[in-house]
Amino acid sequence: MAPHMTFPEPIYFEPLLMEKVWGGSRLQTLFGKHLLPGTRIGESWEVVDREEAQSVVHSGNLKGTTLHELWTQQRVPVFGEAYAAHPSPRFPLLFKLLDAQERLSIQVHPPAEIAGELGGEPKTEMWYIVDTQLDEALWVGLKEGVTREEFEGRLHRGTVEEAVQRIPVKAGDAIFIYSGRVHAIGAGNVIVEVQQNSDTTYRVFDWNRAGLDGKPRELHIDESLKSIDFADTNPKLAVPNGEELTSCEYFTVEKWTLDSPRPAFTDGKFAIFTVLTGAVSNMGTVFQPGDFFLVPATVSDATLWPTQSDTTLLRTTIPA
């Protein structure tokens, strides 16, 4: 497709459902995702360009096209001229829905400066809390005064959670998790995750839980201790700056309350939207809660139309 051509519609991808020992069924009850009976789905990968996991366009003229093909073969018309020279060989972000029926492990992602040494990828991410039950909390960062030595001692005693800061949350809260920040999701939280395109996670403590195969899940103690930022104490929830929830070198995430028609963008750069509540229409396609859609940089009409009065969205862009 030549760069001067325009796209006739927004782009919606087929979700990839991932079974997890801590997962549940709320992605179906909340968002209508089609889960097989008896499966514990912890993650729905909504937008992803990885060798082992690939988003495929769900419908329309591009049906069957992969995200990788869009990024490598149609980058300018889909994403915008600003990204023509972007250095990433794959689309640099990954979007997920998480259903934590049980607590996730206490874990960390490696910082960029040591990820290569450990054979992993750095991963900075943002969580938006869609719904809460049970724990209604996250574990993020360390408590004031916790040293590496104390943390290692608690590892041996099985009391790591007492060293990690517990942060109560409610629907609508958000938090920024940079590479090196120790973290875990409490039971009952349903979350939108926007992250770097990475799948490296080092588990430091898993609540003495067995995996789906009945055996204890692998821990990554040495890698975790090399990755954790032990100066990261008492982190806070994100404080919105107007519509902006968080912004870093990898992504900017805004929360829009859509009570009238509004352009998806005004700068000729794509945007990816996540419907939180209500419903929104673009070019005749209506999107419901839990839907993710990409509005191409050259879509013929980028106007978003709320079709319900309580429509809220996340809007994610890549700085360029």
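> How would you summarise the sheet that holds strand β2 (residues 41-47) if you had to cite specific residues and measurements?
One key point about sheets: their strands pair by backbone hydrogen bonds, in either a parallel or an antiparallel sense. With respect to topology, six strands assemble into an open sheet ordered β1-β2-β5-β12-β7-β10, the strand pairing being antiparallel. Each edge of the open sheet is held by one strand with a lone partner, namely β1 (16-24) and β10 (174-177). Pairwise comparison of adjacent strand axes, ignoring direction, gives a mean angle of 25° for this sheet. Here β1 pairs with β2 via five bridges, running antiparallel. Looking at the pairing, M18 lines up with E43 of β2.

> Give me the pattern of salt bridges: which residues, what numbers.
Applying the stated rule across the entire model yields 19 salt bridges. Two residues, K96 and E193, come together in a salt bridge whose shortest N-O distance is 3.7 Å. Residue K96 is located in strand β5 (residues 93-100), and its partner E193 is located in strand β12 (residues 189-196); the two are separated by 97 residues in the primary sequence. You can call K96 buried: its relative accessible area is 2%. The exposure class of E193 is buried, given its relative accessible area of 4%. The closest approach of N and O atoms between D232 and R181, which form a salt bridge, is 2.8 Å. Here D232, found in the loop between α6 (221-227) and β14 (244-247), pairs with R181, found in the loop between β10 and β11 (183-185); they are 51 residues apart in sequence, far enough to count as distant.

> Can you tell me about helix α5 (residues 148-157), naming the residues and giving the values?
Residues F151, G153, R154 and L155 constitute the buried set of α5. Looking one or two residues past α5, G158 carries a phi angle of roughly 75°, positive in sign.

> Break down the nonpolar core for me, with residues and values.
By size, the foremost hydrophobic cluster in this structure holds 38 residues, and its most contacted members are F79, F91, Y128 and V192. Discounting chain neighbours no more than four positions away, the residues touching Y128 are G172, D173, A174, V190, I191, V192, L245, K255, L276 and L314. Among the nonpolar cores identified, the runner-up in size contains 21 residues, and W139, L142, L155 and W207 belong to it.

> Tell me about the sheet that holds strand β20 (residues 292-295), and please be specific about residues and values.
Sheet architecture is open: five strands sit in the order β14-β15-β22-β17-β20, paired in antiparallel fashion. In this open sheet, the two strands that pair with only one neighbour each are β14 and β20. Strand-to-strand, the axes of this sheet are offset by a mean angle of 25°, without reference to chain direction. In this sheet, strand β22 (residues 311-317) lies alongside strand β17 (residues 271-277) in antiparallel orientation, the contact comprising five bridges. What sits directly across from I272, in β22, is T316.

Rules used in this analysis
- Residues numbered from 1 in each chain as written.
- Predicted model: local features only at pLDDT ≥ 70, side-chain atom pairs only at ≥ 80, totals over all residues.
- Heavy atoms only, no water.
- Pairing = 2+ DSSP bridges.
- Helix = DSSP H or I, 4+ residues; strand = E, 2+ residues; numbered from the N terminus.
- Axes fitted to C-alpha atoms, helices over the stretch in contact; angles between N-to-C directions.
- Salt bridge = Lys/Arg side-chain N within 4 Å of Asp/Glu carboxyl O.
- Buried < 20%, exposed > 50% of the residue type's maximum accessible area, 1.4 Å probe, protein only.
- Core = buried A, V, L, I, M, F, W, Y, C linked by side-chain atoms within 4.5 Å.
- Contact = heavy atoms within 4.5 Å.

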